[in-house]
Amino acid sequence: MNRELDFSIRTVHEAIEGEIKKEGLKPKPVQPIEAPVLAEAHTAIYKMHRYYARRPHNVFAKLIMHYSNPGDLILDPFCGGGVTVVEGLKLRRRVIGIDLNPLATWVTKMEVAPINIDKFGALYTTWIAEVAGQIESLYKARCLECNRDGVAEWYEWSNVVVCPGCRKEIVLGTARKKGKGLFQCPNPQCGSLVEPSKCKISPDRMLAVVVRCKHCGTIEKRDANTTDIRRYEKIRKTAKAALKVHKLHVPGDLFPDMDRARDDNIFGKGIKYFKDLMTVRQQISCAWLKKKLPRDTGNIPELETLWHLYSSTLRYTNKFVFQSANWQSGKPVEWAGHNYWLPFHYIELNPLPYLAKRYAAFLSGKEEQALNIGSFCRFPATKTPWKELQDGATCYIINQSSHKIPLPDGSVDAIITDPPFGGNVQYGELSDFYLAWVKDFMGLKGLSDKNFEAIETRHSGFDGAKDRSHYEQMLYKIFIECRRVIKSDGWLVLTFHNRDIGVWMSLHRAALRAGFRLPLESESQNRGMVYQPPVQNYTQTIHQRAAGSMLGDFILSFKPVQPPARLEAIKEQLSTDEERDLRLKAEEIIRYHGGADETTLMTGLIPYLHERALLHRIAKYDLKTLLDNGPFIYVSKEKKWYTKDMVEESGSVKMRDFIPAEAFVQNLVHSFLSEKHSASMDELLILIYSNLVNSHRPQISTIERIVARFCVKKKMKGMKREVYVWNPHVKTPDEIKRALTLQTAIDFGSPASLDHNAIIKILAQIALKNGFSVHIGVTEQHKSPDLSALSAHLTGMEFGLPPEAFRIIKEIDLIIFQGSTILGAVEVATSISTFGKAVNNRFRNLLTVAPNLTITLAAIVNEVDLDKAHSELFMPANVKSGLAGSVLLLSTAHAVAEDIFLNKVLKGR
């Protein structure tokens, strides 16, 4: 969202008036947002410095525009990486960002603070000129091409452990990996499988070096030689003296016993201090960079930005950096996860090349700030910031816990935030790595204060451990303050994701107790809960793949109410019936989607729980517990949950003739493209996610599969992006006509129009109505309680059939009989492939094992498939065997017409 600052506007009020002319003013209270916003990747301003779990900027921009007017006061009590603050200022709102974590508020401040870019550039140039020589001398490496010293861009290192079996050293970077966390001892007389975390540790070994030669211009990767190793050993042995002589400071902060220390086995890998997360050479390099940073007691924003640039580079100068052929084309991957994971095979980067890259990123970020925010960002300059926010100041950043907010009652127009997701991200613990090096710049005496952090830890037994009750209680205290400061017509809007139902319970209990509730069904179709698809590029990050994470978010819109719910009135368990109904809902979702991943299940279950007033009542409850105790099975290859009848004994997933989610997506896309002729993927996703909500929201893979199957990409004249059109080769005029007749609102309270199970149900009801009995295929009975209720329950003895014949009979979609006489067998095929399976497998096999069975065999197909089905049925082999003459072929439209079905299938025998 580019909004170039009109530099002719001289006051904040004029800037706000200019934005009002663009947006207009909306009456309050507004209705909760109903449709998702397709997430976009981070822009330059958010790439200046790392922060954890930032939300998509354009989503928050949309929320700000929807829930507030230009000039309104927006509060973010968990400001984190600053998205609400940045986007609020772009849209000419006054903003307040609060966070307990000092790194969060520093990052946010640096994103929005206006600076003189030329002055910043001059400071950077001077700084690098003073320090480049010292660092290059640390990274000398011989160029094999011209035999002169070049500069190492990076070194490859490996952990080394001692084999418990033969006592020989194992260099893990070259050892054969034999499974997760297991390596094979390379000693041919041993060959033991070794778990490094249980071995004695030896010093790390240098394996290779990438050299850039400034003499001949060669860039080469070569094995580390004795000179490389000797140079490093000299640096290591003389480090203490060098630090003293040059008055360099390397922080000595101990790595505390905390959640991430246990999750990532920090102490088991020999880490005692934060500095141990760097090589000795990196420690000295970072100390030189810090020593040469210009300092000034005055409030010079360009200088603070330079310190911030230094801080951002620390992400690259540590032992978390690794290489992977699957990431960044094999280039070093900087600290990637929300953890302290130390790879066995890591990369030691020379900070200078990456400092230059960070400088370029900072320039881009500050240029974005100048273009879209400029001098509209004005911080309070006195000890009465609230007064300044009434006239002149527009941005107030506060480093403290939000359980005490320094604002008057009823002063905030909207609260838009992204609270912590239980124990997903340990913000304070992760920030301490940076704070150990930059706390003096920030005026801090120590690392981050975690006492009031609104999180839970996954481990206990150490100072600072927090349980679920602490998380909920801190949210409650913060929401109480939010309730106090928000206006009566304002909204508390937050994005949230976690697949642990218990975390959702804590959030909703805290909100209810504080005086907030989600809107009623009469107030919002989605009950104030909108699923927000993720940024596609980020769905495979380490954090997104970690336990506890979901793909995408919910946008939750809470309105202030009186009185708040009392804690003792909120139950914390489910009855047996409620738990059964919850599992039935999970089964419905799984069957609707043909198998569902955890994100899809949570997307459907959370609104269901809220609608039934269950969401805030369950404590210590997670999705896996719910599903493990039901008729479900997790197929790890598919990363989805299925009902047990959907999976073969071998563990493979059974093919399904009809998947409702796919049918609805297909109908929506076809209907939309029939009218609009073409659409971008963004337009199709908005269409689908706006119409198919909550438990009916299709999985991303489903949408991609349907679009790829039925649409083609096309480059339209005058358009930069490709669009999709319906593929003319997958439709006929009859299909178009039929699809158009189905362009009515989808009723999710009844079966999809003419779907597989619905057709079987109609035919069974026709037969029953006319005095016949029916048996419905056991697979279909498992899928639908309605079909099971219609079906007779047979053993096979009723018809005097051999076991082999009854084994086939009981799987046929519909058997119609009278007394002990079978009259007809019906297979409903929703595609040519399933038609072939019905005819060539079930019907052929049935006639083979029961050749004297004289019944009508009927195959029902979509009208558009009749010609193809006829061709397949009358293949020479089927004609020769007599199968073609034994099968009656009907279109769906004819089959569900009572008179035709009776005359053709039953009375026409």
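Owing to the predicted nature of the structure, the values given are computational and were not obtained by experimental measurement.

**Overview of the state of the cysteines**
Here is step 1: Tallied over the full model, the rule gives 0 disulfides.
Here is step 2: Free of any disulfide, Cys 166 has its nearest cysteine sulfur in Cys 185, 3.6 Å distant.
Here is step 3: Look at Cys 166 and you get partly exposed, because its relative accessible area is 22%.

**Thoughts on the pattern of salt bridges**
Here is step 1: Under the definition given, this model contains 42 salt bridges.
Here is step 2: When the shortest N-O distance is used, the salt bridge between Asp 259 and Arg 458 registers 4.0 Å. Of this pair, Asp 259 sits in helix 7 (residues 259–263) while Arg 458 is found in the loop between helix 12 (427–438) and helix 13 (468–485), placing the two residues 199 residues apart along the sequence.
Here is step 3: Given a relative accessible area of 0%, Asp 259 falls into the buried group.
Here is step 4: On the accessibility criterion, Arg 458 (42% relative accessible area) is partly exposed.
Here is step 5: Between Asp 409 and Arg 484 there is a salt bridge, with the nearest N and O atoms lying 2.7 Å from each other. Highlighted residues: Asp 409 in the loop between strand 12 (395–399) and strand 13 (414–417) and Arg 484 in helix 13, separated in sequence by 75 residues.
Here is step 6: Taking relative accessible area as the criterion, Asp 409 reaches 56% and is therefore assigned exposed.
Here is step 7: Through salt bridges with shared partners, a single network forms among Asp 259, Arg 260, Asp 263, Asp 264 and Arg 458.

**A few points about the pairing of strand 1 (residues 73–76)**
Here is step 1: Side chains Leu 73 and Leu 75 of strand 1 all project onto a buried face; the interleaved residues Ile 74 and Asp 76 project onto the opposite face, where all are buried too.
Here is step 2: Relative to strand 2 (residues 94–99), strand 1 runs parallel, the two being bridged by 4 bridges. Looking at strand 2, one finds that Leu 73 is bridged to Arg 94.
Here is step 3: For the crossover from strand 1 across helix 3 (residues 83–90) to strand 2, the handedness is right-handed.
Here is step 4: Bridging between strand 1 and strand 13 involves 2 bridges; their strand directions are parallel. What sits directly across from Ile 74, in strand 13, is Ala 414.

**A look at the side chain of Thr 313**
Here is step 1: Residue placement: Thr 313 occurs in helix 9 (residues 301–313).
Here is step 2: The residues touching Thr 313, leaving out its near neighbours within four places in the chain, are Pro 351, Leu 355 and Arg 358.

**A few points about the packing of helix 18 (residues 660–676) against helix 19 (residues 681–691)**
For any two helices packed against each other, the geometry is given by the interaxial angle and the distance between the axes.
Here is step 1: Close contact between helix 18 and helix 19 brings their axes to 10 Å; oriented N to C, the two are set at 130°. Taken together, the axis directions place helix 18 and helix 19 in an arrangement best described as oblique. Of the two elements, helix 18 crosses helix 19, and the hand of that crossing is right-handed. Where helix 18 approaches helix 19, its residues Val 665, Leu 668, Val 669 and Phe 672 are matched on the opposing element by Leu 684, Leu 687, Ile 688 and Asn 691.

**Structural notes on empty space enclosed by the protein**
With a probe scaled to a water molecule rolled over the atoms, the places where space remains empty come into view.
Here is step 1: Counting across every chain of the model gives 4 cavities of 30 Å³ or more.
Here is step 2: Considered as a void within the structure, the largest cavity measures approximately 380 Å³ in volume.
Here is step 3: Counting only elements with at least two residues in the lining of the largest cavity, the list comes to helix 3 and helix 12.
Here is step 4: By residue class, the composition of the lining of the largest cavity is 17 nonpolar, 9 polar and 8 charged.
Here is step 5: In terms of lining, the second largest cavity is formed by Glu 34, Pro 36, Asn 526, Met 529, Val 530, Tyr 531, Tyr 689, Leu 692, Val 693, Asn 694 and Arg 697.

**Some thoughts on the environment of Lys 559**
Here is step 1: Following the sequence through the fold, Lys 559 ends up in strand 17 (residues 553–560).
Here is step 2: Since its relative accessible area comes to 22%, Lys 559 is described here as partly exposed.
Here is step 3: For the pair Lys 559 and Lys 22, spaced 537 residues apart in sequence, the C-alpha to C-alpha distance is 27 Å.
Here is step 4: Beyond its immediate sequence surroundings of up to four residues, Lys 559 is in contact with Trp 491, Gly 515, Phe 516, Arg 517 and Glu 523.
Here is step 5: Side-chain polar atoms of Lys 559 contact the side chain of Glu 523, separated by 3.1 Å.

**Observations concerning helix 26 (residues 832–849)**
Here is step 1: The terminal C-alpha atoms of helix 26 lie 25 Å apart, and with 18 residues this matches the ideal 26 Å at 1.5 Å per residue to within 8%.
Here is step 2: Along helix 26, the residues classified as buried are Thr 834, Phe 835, Gly 836, Ala 838, Val 839, Phe 843 and Leu 846.
Here is step 3: For helix 26, the elements touching its buried residues are helix 25 (803–809), strand 24 (821–828), strand 25 (856–861), helix 27 (866–873), helix 29 (883–886) and strand 26 (887–891).

**Some details on the sheet that holds strand 25**
Here is step 1: If you walk across this open sheet you meet the 5 strands as 22-23-24-25-26, and the pairing is mixed. At either margin of the open sheet sits one strand with a lone partner, and together these are strand 22 (773–776) and strand 26. In this sheet, adjacent strand axes meet at a mean angle of 25° when their direction is disregarded.
Here is step 2: Across 5 bridges, strand 23 (residues 814–818) lies against strand 24 in antiparallel orientation. The residue of strand 24 that forms the bridge with Ile 815 is Ala 825.

How each quantity is defined
Residues numbered from 1 in each chain as written. Predicted model: local features only at pLDDT ≥ 70, side-chain atom pairs only at ≥ 80, totals over all residues. Heavy atoms only, no water. Disulfide = S-S within 2.5 Å. Buried < 20%, exposed > 50% of the residue type's maximum accessible area, 1.4 Å probe, protein only. Salt bridge = Lys/Arg side-chain N within 4 Å of Asp/Glu carboxyl O. Helix = DSSP H or I, 4+ residues; strand = E, 2+ residues; numbered from the N terminus. Pairing = 2+ DSSP bridges. Right-handed = clockwise from strand over helix to strand, strands pointing away. Contact = heavy atoms within 4.5 Å. Axes fitted to C-alpha atoms, helices over the stretch in contact; angles between N-to-C directions. Parallel < 35°, antiparallel > 145°, perpendicular 65-115°, else oblique. Left-handed = near helix turned anticlockwise from the far one by under 90°. 1 Å grid on protein atoms, 1.4 Å probe; cavity = no way out; pocket = protein on both sides within 12 Å on 5 of 7 lines; lining within 4 Å. Points joined across faces, edges and corners; volume = space filled by probe spheres on them. Nonpolar A, V, L, I, M, F, W, Y, C, P; charged D, E, K, R; others polar. Polar contact = N/O pair within 3.5 Å; in protein donor to acceptor, adjacent residues only side chain to side chain. Expected span 1.5 Å × (residues − 1).

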